[in-house]
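Report on the structure
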Amino acid sequence: MDLTGLDIIDAHIHQWDPHTTPRLFSKHAKLLRYVPLPVDLAAKLTPRRDLQFVGDPTAYLGPYLPADYRTDQGGVGVRGLVHVEAEWTGSAPDETRWVASLPFGVDTPALTAIVGAADPAAADLGPTLDAHQSASPLLRGIRANVAHHPDAGVKSFAAHDGLLTAPAFLDGFGQLAERGLSFDAWLYSGQLPEVTALAERFPEVTIVLDHLATPAGVFGPVGKHTGRTAGERRDIFDRWRDDITDLAAQPNVVAKVSGLMMPVLGHPVPPRGLSTQVSVLVDRLGPMLAHALSVFGPDRLIWGSNFPVDKPITSLPVAVDAVATALTKAGASTEDLRKIFGGNAVRVYRIDLG
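Note on numbering: residues in each chain are counted from 1, in written sequence order. At least 70 in pLDDT is required for a residue's local features to be given in this predicted model, at least 80 for side-chain atom pairs to be given and counted, and no such filter applies to totals for whole chains, interfaces and linings, which use all residues. Hydrogens and waters are ignored; side-chain quantities use all the structure's heavy atoms.

Digging into the overall build of the protein
Heads up, the rule is: The helix count covers DSSP runs of H or I at least four residues long, the strand count covers runs of E at least two residues long, and both are numbered beginning at the N terminus. Our radius of gyration is a C-alpha quantity, and the globule rule it is checked against amounts to 2.2 Å times the number of residues to the power 0.38. Residue contacts are counted whenever heavy atoms from the two residues lie within 4.5 Å of one another. Surface exposure here means Shrake-Rupley accessible area, sampled with a 1.4 Å probe, where a residue is shielded only by the protein chains that are shown. A residue counts as positive if it is Lys or Arg and as negative if it is Asp or Glu; His and the chain ends are not included. To locate a charge, take atom NZ for lysine, CZ for arginine, CG for aspartate or CD for glutamate.
Along the protein, the regular secondary structure elements total 12 helices and 8 strands. The globule rule puts the C-alpha radius of gyration for 354 residues at 20 Å, and the 19 Å found for the protein is close to it. Along the three orthogonal principal directions, the C-alpha set of the protein runs to about 50 × 50 × 45 Å. If you take every contact in the protein between residues at least 6 apart in sequence, the share linking residues at least 24 apart comes to 79%. Accessible area of the protein: about 14000 Å², with a carbon and sulfur share of 54%. Within the protein, the 39 negative side-chain charges are centred at a point lying 4 Å from the centre of the 31 positive side-chain charges.

Points about empty space enclosed by the protein
In plain terms, the rule: Cavity and pocket criteria rest on a 1 Å grid covering protein atoms alone: a 1.4 Å probe that fits but cannot get out defines a cavity, protein on both sides within 12 Å along at least 5 of 7 lines defines an open pocket, and an atom within 4 Å of a point defines a lining residue. Grid points are joined across faces, edges and corners, and a volume is the space filled by probe spheres set on the points. Residue classes follow a fixed rule: Ala, Val, Leu, Ile, Met, Phe, Trp, Tyr, Cys and Pro count as nonpolar, while Asp, Glu, Lys and Arg count as charged, and any other residue, Gly among them, counts as polar.
Applying the stated criterion across every chain, the model contains 1 cavity of 30 Å³ or more. The calculated volume of the largest cavity comes to roughly 50 Å³. Forming the boundary of the largest cavity are Val257, Ser258, Gly259, Leu260, Met261, Trp303, Gly304, Ser305, Asp310, Ala319 and Val323. In terms of residue class, the lining of the largest cavity is made up of 6 nonpolar, 4 polar and 1 charged.

Some remarks on helix α9 (residues 230-248)
How we decide: What a helix is expected to span follows from its residue count: subtract one and scale by 1.5 Å. Categorising residues by exposure relies on relative accessible area from a 1.4 Å probe, with only protein chains included: less than 20% of the type maximum marks a residue as buried, more than 50% marks it as exposed, and the intermediate range marks it as partly exposed. Think of it as the arc spanned by the lines of direction from the helix axis to the C-beta atoms.
Taking 1.5 Å per residue as the helical rise, α9 with its 19 residues ought to reach 27 Å, and the 27 Å between its terminal C-alpha atoms agrees with that figure. Along α9, the positions that sit buried rather than exposed are Ile236, Phe237, Trp240, Asp243, Ile244, Leu247 and Ala248. Here the buried residues of α9 occupy an arc of 145° about the axis, which is enough to place them on one side.

Some details on the pattern of salt bridges
What counts, and what does not: Throughout this description, the term salt bridge denotes a Lys or Arg side-chain nitrogen within 4 Å of a carboxyl oxygen of Asp or Glu.
Counted according to the given criterion, the structure contains 18 salt bridges. Measuring nitrogen to oxygen at the nearest pair gives 2.6 Å for the salt bridge that ties Asp107 to Arg70. Residue Asp107 is found in the loop between α5 (92-100) and β3 (110-117), and its partner Arg70 is found in helix α4 (residues 66-73); the two are separated by 37 residues along the sequence. Take Asp107: its relative accessible area is 48%, and that puts it in the partly exposed class. In this structure Arg70 comes out as partly exposed when scored by relative accessible area, which is 33%. The partner of Asp299 in a salt bridge is Lys339, and the shortest N-O contact between them spans 2.9 Å. A residue pair is termed long-range when its members are at least 10 positions apart, and Asp299 in the loop between α10 (278-296) and β8 (301-303) and Lys339 in helix α12 (residues 334-348) qualify at 40 residues.

A look at the sheet that holds β3
Our working rule: By the convention used here, strands pair only if DSSP detects at least 2 bridges between them. Axis definition: a line fit to C-alpha positions, over the contact stretch in the case of helices; interaxial angles, taken between N-to-C directions, run 0 to 180 degrees.
In space, the 8 strands of this open sheet follow the order β1-β2-β3-β4-β5-β6-β7-β8, with parallel pairing throughout. A strand with exactly one partner marks an edge of an open sheet, and here the two such strands are β1 (8-13) and β8. Averaged over all adjacent pairs, the angle separating strand axes in this sheet is 30°, with direction ignored. Relative to the sheet, helix α7 (residues 167-179) contacts β4 (139-143), β5 (182-185) and β6 (207-209), its axis offset from that of β5 by approximately 130°. The sheet strands contacting α12 are β1, β6, β7 (253-257) and β8, and the helix crosses β8 at an angle near 110°.

Quick word on the pairing of strand β2 (residues 78-84)
Of all 7 residues making up β2, 6 are buried, and the element is well covered by its neighbours. Alignment of β2 against β3, held across 5 bridges, turns out to be parallel. The residue of β3 that forms the bridge with His83 is Ile114.

What to know about unusual backbone geometry
For the bond running from Phe307 to Pro308, omega is 10°, close enough to zero to count as cis. By secondary structure assignment, the location of Pro308 is in the loop between β8 and α11 (316-329). Of note, Arg350 is a non-glycine position whose phi angle comes to about 50°, a positive value.

Regarding the environment of Val346
Secondary-structure assignment places Val346 in helix α12. Residue classification places Val346 among the partly exposed residues on the basis of a relative accessible area of 24%. Separated by 338 residues in the primary sequence, Val346 and Ile8 place their C-alpha atoms 9.8 Å from one another. If we skip the residues at most four places from it in the chain, Val346 touches Ile9, Ile351 and Leu353.

What follows is the structure, given as structure tokens:
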């Protein structure tokens, strides 16, 4: 699909270097750097729930930096990028400082906003936010690790659910409003009612729902007992549809059309180096995107590639084409696509394109 003329903002990317910065996966990346193993053997040694989440562990074993994004970008005309925190294990503001120092905007798109890591329940939230904002004037919001799935075979990033409505989290969350910061919420679809409750309590805070809340297993089996049959997958979709409809009733919530190629959704992972085709993705993603467009409207959807996390399933140009085609089939106009692929991100993340 021709997207010429759109000022595209990729509102969800990750940058990392596990060899020189502290990441959850740095230990394994460094080990395999000095004790190289065949890629297929590395995959076999990866825990099953981790492998189902990432699809191909090689994306996490080396750096992913501006030049790598430029290569993946292909012919897609991206004008600006929003970096979202990515499993940094040191002082979170150091990640913001590190990302801001990378060579964006030389022969790559410009870095236009940063979403840093912070936990609203933490006692040191205020100083952490101060440090983030001092680290870069591009800081626009935070994200916290709250994603939990009840299937123990699906990778969780929090020990349990309910974190978004815990008293300590709610006590700290008001500081975001005081500082004019947004909150990116990434979690699994079963946690959507928590986001709705949070949005109701803090209507003055913009909440960005990442990845349409990742209904794990909606396209195929994952974990121990998720999405095993067509009936189970339909139930996952139906619950997601109903809960995201409730969430969309909160006007302070916008949703990212991102992360839809994450392997944990149940996508079959194609052989390394190959991409799932546009037509297949349009058919697979179409119902989700049509519903998201119907409940959020074109003014509250934001596109992001989620690269390199989505890379094992398809290429960035194919992902853009598939999402744009599916949205057009669902009734989105060219002006709607301009908003979804750029304009809405500029507004929500207060991006200055110069």
